[in-house]
Amino acid sequence: MILTVTPNPALDVTYTVPHFRPHTSHRVTGIAAQAGGKGVNVARVLTALGRPARCVLPLGGPTGEAVRAELAAAGLDHAAVPIAGDTRRTVAVVDTADATMFNEPGPALAAAEWDALLAETERHLPEATALVLSGSLPPGAPADGYARLVTLGRGFGIPVVLDADGPALLAALPAHPTAIKPNAAELTAATGLPDPHDAARTLLRRGAESVLASLGPDGLLAVDAHGAWRCAPPATVAGNPTGAGDSAVAALAAGLSGNAAWSAILPDAVALSAATVLHPRAGHFDDAVYRRLRHSLTATRLGAAVSPFTW
């Protein structure tokens, strides 16, 4: 079982419109609402692939109840930690070309609520083959919140995948996550370096054991102490990119839990990400496209080993 922790979950509302334009009215042609947050999306993808997954997340208020009900209706294994605040919502406006996101900040967690989230995570770790930590930290969470969760997972001897950015990412690196999954902009923000290879190597030296960088339409770049690998889709895929990174994390966690090599992980992650872009909602993917791409993609070895970690 792959355990996912989503410290700042949401009720994801998706509006589909023919063509999105700012500063005007739109006729909505489709609407959907589902439990969301990056870790929930990861678990949803893994479950669709037939991989056992369980979500740990704090939930509160009427929106939290709606999230809980949708998780149950979707058959997603989950463990909710009660909180006093009302769970946040996100709104995605999707047209044929892209998506526009509106993300609420989320309710503040009291110190006792954060401690309860850690305790609930630890309770499920003996059954886990990998731990996925995804998304923003909610208001009130400690600055080293992810570092504490990484340490918990590593203490059980399982791979820990961290998908976060900004201070939350940087504070977690000394705990040595097995893999981190920034995008190109997050790499630059974390290191000040525009080149993804250089930025990834910098984060390795700061404590990450490996970096899986999302380069948008250019696919994925994996860097660890032994070298670098690339894999890209054969053509640009237009649609809703929301959740594509979460699908890559699902493939990464599944691969790491089975000790797979980058040559197997990268094609799976790229295929799953591309297939997710073709679906209007995060956490879902076009299965036929995924299967077709998965068998046609290969990963390319790029470079030499990186100098040893400096922790």
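Placed above this text is the structure.
It should be emphasised that the depicted structure is a prediction, and the values quoted were computed from it without experimental measurement.

**Q** Sorry if this is basic, but what is going on with the side chain of D95 here?
**A** Mapped onto the elements of the fold, D95 is located in the loop between strand 6 (88-94) and strand 7 (99-103). Despite being buried, D95 has no salt bridge partner; R21 is the closest side chain of opposite charge, sitting 8.9 Å away. Looking at D95, its side chain comes within polar contact range of the main-chain nitrogen of F20, at 3.0 Å.

**Q** Would you take a moment to explain the pairing of strand 5 (residues 78-82) for this structure?
**A** For a regular strand, the rule is simple: side chains alternate between the two faces of the sheet. Of the two faces of strand 5, the one lined by A79 and V81 is fully buried and the one lined by H78, A80 and P82 carries no buried residue. Judged from the five bridges that link them, strand 4 (residues 53-59) and strand 5 form a sheet pairing that is parallel. Looking at strand 5, one finds that C55 is bridged to H78. Remark: the strand 4/helix 2 (residues 61-73)/strand 5 crossover connection has right-handed handedness.

**Q** Quick question: what am I supposed to make of the nonpolar core here?
**A** Taken as a class, soluble globular proteins show a tendency for nonpolar side chains to be buried jointly. Counting residues in each nonpolar core, the largest one holds 46 residues, and the members touching the most others are L252, W262 and L266. Each residue touching W262, except ones within four places of it in the same chain, is listed here: S210, L212, A222, D224, W229, L252, P267 and A299. Judged by nonpolar contacts, the second largest core, of 44 residues, contains V5, A128, L215 and L221.

Calculation criteria
Residues numbered from 1 in each chain as written. Predicted model: local features only at pLDDT ≥ 70, side-chain atom pairs only at ≥ 80, totals over all residues. Heavy atoms only, no water. Helix = DSSP H or I, 4+ residues; strand = E, 2+ residues; numbered from the N terminus. Buried < 20%, exposed > 50% of the residue type's maximum accessible area, 1.4 Å probe, protein only. Lys, Arg positive; Asp, Glu negative; His and termini not counted. Salt bridge = Lys/Arg side-chain N within 4 Å of Asp/Glu carboxyl O. Polar contact = N/O pair within 3.5 Å; in protein donor to acceptor, adjacent residues only side chain to side chain. Pairing = 2+ DSSP bridges. Right-handed = clockwise from strand over helix to strand, strands pointing away. Core = buried A, V, L, I, M, F, W, Y, C linked by side-chain atoms within 4.5 Å. Contact = heavy atoms within 4.5 Å.

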